[in-house]
Amino acid sequence: MKKFTQSRKSQRAVVTVVKGYQVPLYGGVPVLATAREHLDRVAVPLNLTFVMRSRAYILGRLVKSKFYRRIRCSVTLRGNKLGKPLNLTNSCIYQ
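Residues numbered from 1 in each chain as written. Predicted model: local features only at pLDDT ≥ 70, side-chain atom pairs only at ≥ 80, totals over all residues. Heavy atoms only, no water.

- In the nomenclature of an unreviewed UniProt entry, the protein is known as Late embryogenesis abundant protein of Melia azedarach.

A few points about the overall build of the protein
Here's step 1: Scanning the protein from terminus to terminus reveals one helix and three strands.
Here's step 2: Scanning the protein from its N terminus toward the C terminus, one meets helices and strands in the order α-β-β-β.
Here's step 3: Against the compact-globule benchmark of 12 Å for 95 residues, the protein has a radius of gyration of 19 Å, which places it well outside the compact range.
Here's step 4: Principal-axis analysis of the C-alpha atoms gives the protein an extent of 60 × 20 × 20 Å.
Here's step 5: Per-residue burial for the protein yields a buried fraction of 12% across its 95 residues.
Here's step 6: A separation of at least 24 residues holds for 35% of the contacts in the protein among residues at least 6 apart in sequence.
Here's step 7: Of the roughly 9100 Å² of accessible surface on the protein, 54% is carried by carbon and sulfur atoms. (Helix = DSSP H or I, 4+ residues; strand = E, 2+ residues; numbered from the N terminus. Rg over C-alpha atoms; globule rule 2.2 N^0.38 Å. Buried < 20%, exposed > 50% of the residue type's maximum accessible area, 1.4 Å probe, protein only. Contact = heavy atoms within 4.5 Å. Areas by Shrake-Rupley, 256 points an atom, 1.4 Å probe, with all protein chains shown as cover.)

Side note on the pairing of strand β2 (residues 63-78)
Here's step 1: Summarising the sheet, strand β1 (residues 43-58) and β2 pair through 16 bridges and their orientation is antiparallel. Bridge pairing in β2 places Ala 56 opposite Ser 65.
Here's step 2: In textbook terms, the turn of a hairpin is the stretch between consecutive antiparallel strands, and for β1 and β2 this stretch comprises four residues, one of which, Leu 59, has a positive phi near 60°.
Here's step 3: Relative to strand β3 (residues 92-94), β2 runs antiparallel, the two being bridged by three bridges. Bridge pairing links Ile 71 to Tyr 94 in β3. (Pairing = 2+ DSSP bridges.)

Shown next, in the form of structure tokens:
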């Protein structure tokens, strides 16, 4: 993300795209291996957890504060929708 400055009492929403390539599915391989011909019936639950990190300069550049926000998204991968984008808007919990 590009660096930006923002006043203290304002807010900003940032939308981003999360891409995954060859994500290991621990425990999901036997489910996919047994149902090669019936991929439309396969569903593998997946938890996507990541940390968003931000930094703010307070009092000019004298004090640098770091803020961390943990995000957890519960997603179910369906066999007939593999390789297609998923919308994670309503499936994430911000801690």
